[in-house]
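Here are the chains, one letter per residue:
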Amino acid sequence: WYQRRVREAVVSTQSTGAFKQIHKEGLHMLYRGIALPLCQKSLQVGLMYGFFETYYKLLPDNGMSDAQRTIYAATLTGISEAIIATPFERGQSLLQTPAFHGKIKNTLDLRHHLKSMRQWYCGLSAILIRNCSTNCLFFLLRNPLREALPSVDTKRGKFAVDFVCGACLGGVNSTLIYPVNVVKSYQQKQIALGPESFATSCKKVLIERDYKLRKLYYGVQLNFTRALLSWGIINATYELCMYPFQRIQPYSGRIT
């Protein structure tokens, strides 16, 4: 799924063309660079939940509303995630860009092509925009959406409700922020040109896609499906794992 989405977002190829590219390259290239997305995704999700709860508790009350504290905590979480996870996304983008298949052998070979911290952190501005905005939406809407869903008492029922809650938020967030991901992917597929500003990359992407919104959303269907499943599983699994700890000590309930 990720390989196909990269072709649609980065190379501006529609679904059929992306599938043909992947089929032509062969099965051995399908899982190229899989170590980085596995590390990045598991690390980022763990950081998102853990950092949010920590920042929310550390923020002083000072008359702030619950929504304000949530926004501040979610923003700080997004910044922390970006600082730690950006190098993983940078390497992942290069390994899965067709133009570098003959130039970059594997994950370890990346160090010969990215020789400075600035190169490793290419696309940081786009990732900050994506992380902070989606985190704010996710944590602001998570509890209200869960409360709006039917109340259930069984473990299976709770798992299903948490899955639906996470899936809805993940799918909507990923669709809203998709153009930012397109710009991020465009920035991170570059090596020779060096890092450039988010605004400059936006302009180039818009020119490349004839200023058409439809072309900015190439690959969004697959991305939405992936986000729907992955965030549903992530949210439901998180709640399932947190249940035993809630029995041991009181839990804040901010992200439950």
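Criteria and cut-off values
- Residues numbered from 1 in each chain as written.
- Predicted model: local features only at pLDDT ≥ 70, side-chain atom pairs only at ≥ 80, totals over all residues.
- Heavy atoms only, no water.
- Salt bridge = Lys/Arg side-chain N within 4 Å of Asp/Glu carboxyl O.
- Helix = DSSP H or I, 4+ residues; strand = E, 2+ residues; numbered from the N terminus.
- Expected span 1.5 Å × (residues − 1).
- Bend = angle between axes of the 7 residues up to and from the residue.
- Buried < 20%, exposed > 50% of the residue type's maximum accessible area, 1.4 Å probe, protein only.
- Core = buried A, V, L, I, M, F, W, Y, C linked by side-chain atoms within 4.5 Å.
- Contact = heavy atoms within 4.5 Å.
- Arc of directions from axis to C-beta.

Caption draft 1: Here's a closer look at the pattern of salt bridges. Tallied over the full model, the rule gives seven salt bridges. Among the ionic pairs, Asp210 bridges to Lys215, the shortest N-O distance being 2.7 Å. Residues joined in a network through salt bridges with shared partners are Glu89, Arg130 and Lys184.

Caption draft 2: Broad picture of helix α6 (residues 124-148). Here α6 is 25 residues long and its end C-alpha atoms lie 35 Å apart, about the 36 Å a rise of 1.5 Å per residue gives. The largest bend in α6 amounts to roughly 40° and is located at Arg142, with the proline Pro144 lying one to four residues further along. Listed as buried for α6 are Ala126, Ile127, Arg130, Asn131, Cys132, Thr134, Asn135, Cys136, Phe138, Phe139, Arg142 and Asn143.

Caption draft 3: Expanded view of the nonpolar core. In this structure, Met48, Tyr49, Phe52, Phe138, Phe139 and Trp231 are the most contacted members of the largest nonpolar core, which totals 18 residues. If you list the elements that add at least two residues to this core, you get α3 (35-58), α4 (66-95), α6, α7 (155-176) and α11 (220-248). What Phe138 contacts, discounting residues up to four positions off in sequence, is Met48, Tyr49, Leu169, Asn173, Trp231 and Asn235. One finds Ile177, Val180, Val205 and Val220 within the second-largest nonpolar core, a separate group that totals 11 residues.

Caption draft 4: Highlighting the environment of Ile104. Mapped onto the secondary structure, Ile104 falls in the loop between α4 and α5 (117-120). Ile104 sits in the buried class, given a relative accessible area of 0%. Expressed as a C-alpha distance, the spacing of Ile104 and Leu94, which sit 10 residues apart in the sequence, is 8.1 Å.

Caption draft 5: Quick peek at helix α9 (residues 198-208). Among all positions in α9, only Phe198, Ser201 and Val205 are buried. Considered in projection along α9, the buried side chains sweep an arc of 65° and stay on one side of the axis. In α9, the exposed residues that point more than 90 degrees away from the buried face are Ala199 and Lys203. Among the structural elements, α6, α8 (178-188) and α10 (213-216) are those in contact with the buried residues of α9. Immediately beyond the C-terminal end of α9, within one or two residues, lies Asp210, with a positive phi of roughly 60°.

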